[in-house]
There are 2 protein chains.
Amino acid sequence: MSSFPKTPEPPYYAVIFSSRRTLGDNGYDAMAERMLELVPQQPGFLGTESARGEDGFGITVSYWSSAEAMACWKANMEHVVAQEMGKAAWYEHYELRVAKVERAYGKASP
Amino acid sequence: MSSFPKTPEPPYYAVIFSSRRTLGDNGYDAMAERMLELVPQQPGFLGTESARGEDGFGITVSYWSSAEAMACWKANMEHVVAQEMGKAAWYEHYELRVAKVERAYGKASP
C-alpha cells in the first residue's frame, strides 16, 4: 500500500517520474521490488510516493536531500540496468523532471 | 485517460499533490471535473498529470510558468471552495509540495 514519506523542511529535491507502461510484465515487478529494496540504502534518500491507475499511467516521486544524492542513485549499477530495461521494454512513454522543493504543507487525519 | 502535458524547457514550477481519498464520492467527481475545466483557463498553466491506484492513494502534478501563476490559481474563488471541501471531506491525508523544475527529459514511442 502506498503511503506518505516523512520529508524534512524544504529545501530538498524531488524526481517526478511519469510513465505509461507497456502491456505485460516483462520482468517489471521483480525489478521494481528490487529497486524499492535498494533505494532506501542510498545516502540522501528521503522517501518515495507512487500511484498507477488502471489505464497504465503512473507517477512516482522520489525525494532526495541533494543533487549529489540524486546523481549517485542515477549512477547506481543495478539502477542503470533498470533504466535501460525501462526504456527498452517497460515504458511506452515516460517523462522525468528534477525539481527543487521550496515549500511544503499537508493535512493528516487526527 | 491520463496523458503527458507538453511542458516548455525548464525552469518552471510543479505543484506535487499526494493524497489518500476518503471512502465515498461526496461530490468529489463533479468538483474534480469542474477544476479540470477551470484550470486550463488560468494564466501560466502548463499542464497536469494525475494517477490514482485502487488503494485510494493518488498523485496529481500541475505545472506552472511562475510563482505568480501558482498563487493566482491557489486564490481562485471556486478553487478555494474545492480546497476547503478537500480538507473537510475528500482527503484522509494529503501533502502538497511546491517545487521548481530544473531539468527534464523523456522518451516517447516512435
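Relevant structure appears above.
Residues numbered from 1 in each chain as written. Chains lettered and ligands numbered in written order. Predicted model: local features only at pLDDT ≥ 70, side-chain atom pairs only at ≥ 80, totals over all residues. Heavy atoms only, no water.

Caption draft 1: Spatial organisation of the environment of glutamate 78 of chain B. Residue and element names in this part refer to chain B. Its location among the elements puts glutamate 78 in helix H3 (residues 77-90). By relative accessible area, which is 35% here, glutamate 78 ends up partly exposed. For glutamate 78 and alanine 14, which are 64 residues apart along the polypeptide, the C-alpha to C-alpha distance reads 21 Å. In this structure, glutamate 78 is in contact with Arg34, Met35 and Leu38, ignoring residues within four places of it in sequence. Among the polar contacts made by the side chain of glutamate 78, one reaches the side chain of arginine 34 at a distance of 2.7 Å. (Helix = DSSP H or I, 4+ residues; strand = E, 2+ residues; numbered from the N terminus. Buried < 20%, exposed > 50% of the residue type's maximum accessible area, 1.4 Å probe, protein only. Contact = heavy atoms within 4.5 Å. Polar contact = N/O pair within 3.5 Å; in protein donor to acceptor, adjacent residues only side chain to side chain.)

Caption draft 2: Spotlight on the nonpolar core. In this structure, Ile16, Ile59 and Val61 of chain A together with Ile16, Ile59 and Val61 of chain B are the most contacted members of the largest nonpolar core, which totals 22 residues. Elements with a contribution of two residues or more to this core: strand S1 (12-21), strand S3 (57-64) and strand S4 (91-108) of chain A together with strand S1 (12-21), strand S3 (57-64) and strand S4 (91-108) of chain B. Residues contacting valine 61 of chain A, with those up to four places away along its chain left out, are Ala14, Val15, Ile16, Gly47, Thr48 and Glu49 of chain A together with Ile16 and Ile59 of chain B. Grouped together as the second largest cluster of nonpolar side chains are 19 residues, Leu38, Val39, Ala82 and Val98 of chain B included. (Core = buried A, V, L, I, M, F, W, Y, C linked by side-chain atoms within 4.5 Å.)

Caption draft 3: Fine view of the pattern of salt bridges. With the rule as written, the count across this model stands at eight salt bridges over all chains. Arginine 97 of chain A is paired through a salt bridge with glutamate 49 of chain B; the nearest N and O atoms lie 3.2 Å apart. Of the two residues, arginine 97 of chain A sits in strand S4 while glutamate 49 of chain B sits in strand S2 (residues 45-52), which places them in two different chains. Each of the two residues, arginine 97 of chain A as well as glutamate 49 of chain B, counts as buried. Glutamate 37 of chain B is the salt-bridge partner of arginine 34 of chain B, the closest N and O atoms lying 2.6 Å from each other. Here arginine 34 of chain B and its partner glutamate 37 of chain B are both found in helix H1 (residues 28-38), three residues apart, which amounts to about one turn of the helix. Of the residues examined, glutamate 37 of chain B reaches a relative accessible area of 45% and is grouped as partly exposed. Among the charged side chains, a network of salt bridges with common partners joins Arg34, Glu37 and Glu78 of chain A. (Salt bridge = Lys/Arg side-chain N within 4 Å of Asp/Glu carboxyl O.)

Caption draft 4: The arrangement of the sheet that holds strand S2 (residues 45-52) of chain A in detail. Across the sheet, eight strands lie side by side as S2(A)-S3(A)-S1(A)-S4(A)-S4(B)-S1(B)-S3(B)-S2(B); this open sheet has antiparallel pairing. For this open sheet the edge positions go to S2 of chain A together with S2 of chain B, each flanked by a neighbour on one side alone. In this sheet, neighbouring strand axes are inclined to one another by 25° on average, regardless of whether the strands run parallel or antiparallel. Across ten bridges, the pairing between S1 of chain A and S4 of chain A is antiparallel. Bridge pairing in S4 of chain A links tyrosine 12 of chain A to valine 101 of chain A. (Pairing = 2+ DSSP bridges. Axes fitted to C-alpha atoms, helices over the stretch in contact; angles between N-to-C directions.)

Caption draft 5: Inspection of the relation of the copies chain B and chain A at higher detail. Laying chain B over chain A is done by rotating through 180° and shifting 0.0 Å along the axis; what remains is an RMSD of 0.0 Å. Classification of the inter-copy transformation places it as that of a two-fold axis. Comparing contact sets, 100% of the residues at the interface of chain B also lie at the interface in chain A, consistent with an isologous, same-surface contact. (Least-squares fit on C-alpha atoms with pLDDT ≥ 70 in both.)

Caption draft 6: Spotlight on the packing of helix H1 (residues 28-38) of chain A against helix H3 (residues 77-90) of chain A. All names here are of chain A. Orientation of H1 relative to H3, taken along the N-to-C sense of each, is 150°, at an axis distance of 11 Å. Between H1 and H3, the interaxial angle falls into the category roughly antiparallel. Here the hand of the crossing between H1 and H3 comes out left-handed. Every residue of H3 that contacts H1 at Tyr28, Met31, Arg34, Met35 and Leu38 is listed here: Glu78, His79, Val81, Ala82 and Trp90. (Parallel < 35°, antiparallel > 145°, perpendicular 65-115°, else oblique. Left-handed = near helix turned anticlockwise from the far one by under 90°.)

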